[in-house]
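Overview (structure and organization)
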Amino acid sequence: MKLKKVDEQIAKLIEKEQERQDTTLEMIPSENHTSSAVRQALGSVLTDKYAEGYPGKRYYAGLEYYDQIEDICRERAKKLFKVVHVNVQPYSGSPANLAIYFAVLNPGDTTMGMSLPHGGHLTHGWKVNFSAKYYNSVQYGVDQKTNLIDYSQVAKLVKETKPKLIWVGATAYPRIFDWERFAKIADSVGAYLAADIAHIAGLIVAGVHPSPVPYVHIVTTTTHKTLRGPRGGMIMITKKGIDKDPDLAKKVDKAIFPGLQGGPHENNIAAIAVCLKEASEPGFKRYGKQIVENTKVLASELINHGFNLITKGSDNHLILIDLRNKGILGPEAQDRLEKAGITVNKNSIPFDPNPPFKPSGLRLGTPAITTRGMKEKEMKLIASWINEVITDPRSCSKIRQEVKKLCKRFLLP
Ligand code: DSN
């Protein structure tokens, strides 16, 4: 029976959301558009069963095909990221990261990560998160002049506080991570080094951002950002990780189940497997390369329009704008752009004088519009529209029509 017949109200709202996505530019850098193959796996009968445990060692019957699917997913991830062990069961990025704390630390142990206002993630030790409430969190940040990671501050803090776990990864950092430098710092005190590649996993697979795998012990990621899969998470253990701690894979698996989670969402795992297959195809490399090229063009066009970009540009999929010279703050810019059909998000900038709910910045990115097939020419157009909307609020409805026209030429997958 069709959804429309069973629940017209929800069916209508899904239709409306489809129309919204069809006719707007999704430019939140952590979002993307999945393929219909991914969505088909996600909406399959695999949502029906419990599968506590791991392939070959489950607590329920009837899991012959679930086992095969989870095995395929793990093998695909191992091959794609060149790691020794993968757990594909985390419900998303935060549970994946929580499992790492569970696996390698005891409550009260010292952990270190990049602070949220400087572009890090909540789970890397921000004060309101479990990672700072149950562990002794030390935070590093960016240099005030360059807005680049302050590696000498990281080295100094590590020497002083001797963390057991160090996180590298960010949600609003437009530059490449120097994994080797982090590894030297972490190794100097024997810390576990964890790379949270949620934002850049797709770029790493495409070869346009260096892989952390040779340098870190643990890699965590979500699967729905540049990797372009369903919402989900993965934990990967590298050879370096196993060399440091031969039980690391076992500890991580135990931390996920039975430590933290119950039944894995196997429909998600199947959809992750599909996305990993898509990511191993040549078209994915082209897509990853185009994301970076698109971001570079968008960044330089925005600079030409007088926008002040944090770090003066971007190496990856995202741009962080300091709006203060434009006489507008993040929330108003976000609202205006939404009216024009361009979806971005307000964001704190490093050393932001304004509070997190009324920040000075705007974060935007190119993964989803690159998935639609847009290239450099479209980036120039979009930069000019962003400029027009920020400069003159009366232009929103005119730009909305332009956005609609552009979206008609670049359909969703
Ligand atoms: N919510 C994600 C983002 O937008 O970057 C981070 O978890």
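For clarity, every value in this text was computed on a predicted model and none was experimentally measured.

1. A short note on the nonpolar core
F81, Y140, I149, I197, L227, M234 and L276 are the most contacted members of the largest nonpolar core, which has 60 residues in total. Among the elements that make up this core, the one with the highest residue count is helix α12 (residues 266–279) (eight residues). Among residues more than four places away in sequence, those in contact with I197 are F81, W179, I204, P212, V219, T220, T221 and M236. Judged by nonpolar contacts, the second largest core, of 34 residues, contains I319, I321, V344 and L364.

2. What about the layout of surface pockets?
Here the largest pocket defines a volume of roughly 680 Å³. Lining of the largest pocket is provided by 24 residues; of these, Q21, N32, H33, T34 and R39 occupy positions nearest its centre. Breaking the lining of the largest pocket down by element, the ones donating at least two residues are α2 (8–23) and α3 (36–42). In terms of residues, the lining of the largest pocket owes the most to one element, α2, which gives seven residues. Residue classes in the lining of the largest pocket are distributed as seven nonpolar, nine polar and eight charged. Of the pockets and cavities examined, the second largest pocket occupies roughly 540 Å³. Lining of the second largest pocket is provided by 20 residues; of these, L116, T171, K346, N347 and S348 occupy positions nearest its centre. For the lining of the second largest pocket, the element with the highest residue contribution is strand β14 (residues 345–347), accounting for three residues. In terms of residue class, the lining of the second largest pocket is made up of eight nonpolar, nine polar and three charged.

3. Quick notes on the environment of A249
Relative to the assigned elements, A249 resides in helix α11 (residues 248–260). The spacing of A249 and I237 is 12 residues in sequence and 6.4 Å in space, taken between C-alpha atoms. Beyond its immediate stretch of four places on either side in the chain, A249 contacts H85, I237 and I242.

4. Looking at unusual backbone geometry
Residue F257 is joined to P258 through a cis peptide bond whose omega torsion reads 10°. Among the structural elements, P258 can be located in helix α11. Positive phi is not limited to glycine here, since K82 has a value of about 60°. Residue position: K82 is located in the loop between α4 (64–81) and β4 (85–87). Located in the positive-phi region is F351, a residue other than glycine, with phi close to 60°.

5. Regarding empty space enclosed by the protein
Taken as a whole, this structure holds two cavities of 30 Å³ or more when the rule is applied. Every residue lining the largest cavity is listed: A170, Y173, R175, F177, D196, I197, A198, H199, I200, N316, H317 and L318. Forming the boundary of the second largest cavity are V88, Q89, P90, Y91, R231, G232, G233, H265, N268, I269 and I272. Its residues assigned to classes, the lining of the second largest cavity shows five nonpolar, five polar and one charged.

Thresholds applied
Residues numbered from 1 in each chain as written. Predicted model: local features only at pLDDT ≥ 70, side-chain atom pairs only at ≥ 80, totals over all residues. Heavy atoms only, no water. Core = buried A, V, L, I, M, F, W, Y, C linked by side-chain atoms within 4.5 Å. Buried < 20%, exposed > 50% of the residue type's maximum accessible area, 1.4 Å probe, protein only. Helix = DSSP H or I, 4+ residues; strand = E, 2+ residues; numbered from the N terminus. Contact = heavy atoms within 4.5 Å. 1 Å grid on protein atoms, 1.4 Å probe; cavity = no way out; pocket = protein on both sides within 12 Å on 5 of 7 lines; lining within 4 Å. Points joined across faces, edges and corners; volume = space filled by probe spheres on them. Nonpolar A, V, L, I, M, F, W, Y, C, P; charged D, E, K, R; others polar.

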